[in-house]
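Analysis of the macromolecular model
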Amino acid sequence: MTDTVIQEFLVSEAGAGPYGVTTGPDGASWLTLVHAGAVARMSADGEVRTWSLGAPESRPLIITPGPDDALWFTRSGADRPDQHIG
């Protein structure tokens, strides 16, 4: 049997609603903060950087790597796709 170590990281304030998560081409974890209207990047050491979309009602949901090595996410409140920031 293998022991698994799980480490918890705080990625946003309460209620921001982390929703979609993916691994970017940079190896970091990228996530959408659906209730905060933001996208965040978490490095392997747990450092978190957040980009506001300027509209909390934009409700970013799904995030995925694209064929162009950029990350793309949906903004369900704005009814349009958008490329990542950063």
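Attention here is on the structure that accompanies the text. (Residues numbered from 1 in each chain as written. Predicted model: local features only at pLDDT ≥ 70, side-chain atom pairs only at ≥ 80, totals over all residues. Heavy atoms only, no water.)

On the basis of which strands lie adjacent, the open sheet formed by four strands has the order β1-β2-β3-β4 and antiparallel pairing. With one partner strand each, in any of the chains shown, β1 (18–23) and β4 (48–52) form the two edges of the open sheet. Averaged over all pairs of adjacent strands, the angle between strand axes in this sheet comes to 20 degrees, irrespective of strand direction. With five bridges joining them, strand β2 (residues 29–33) and strand β3 (residues 38–42) adopt antiparallel strand pairing. Opposite L31, over in β3, you have A40 as the bridge partner. (Pairing = 2+ DSSP bridges. Helix = DSSP H or I, 4+ residues; strand = E, 2+ residues; numbered from the N terminus. Axes fitted to C-alpha atoms, helices over the stretch in contact; angles between N-to-C directions.)

Applying the stated rule across the entire model yields one salt bridge. A salt bridge links R41 to D26; its shortest N-O distance comes to 2.8 Å. Of the two residues, R41 is situated in strand β3 and D26 in the loop between β1 and β2; the sequence distance between them amounts to 15 residues. On the accessibility criterion, R41 (26% relative accessible area) is partly exposed. (Salt bridge = Lys/Arg side-chain N within 4 Å of Asp/Glu carboxyl O. Buried < 20%, exposed > 50% of the residue type's maximum accessible area, 1.4 Å probe, protein only.)

This part covers the packing of aromatic side chains. For the coordinates displayed, the defined rule picks out one aromatic pair. With centroids separated by 5.4 Å and ring planes inclined at 15 degrees, the aromatic side chains of W30 and W51 adopt a geometry described as stacked. Of this pair, W30 sits in strand β2 while W51 sits in strand β4, and the two are 21 residues apart along the sequence. Taken individually, W30 and W51 each receive the classification buried, so the pair is uniform in this respect. (Phe/Tyr/Trp six-rings, centres within 6.5 Å; stacked < 30°, edge-to-face > 60°.)

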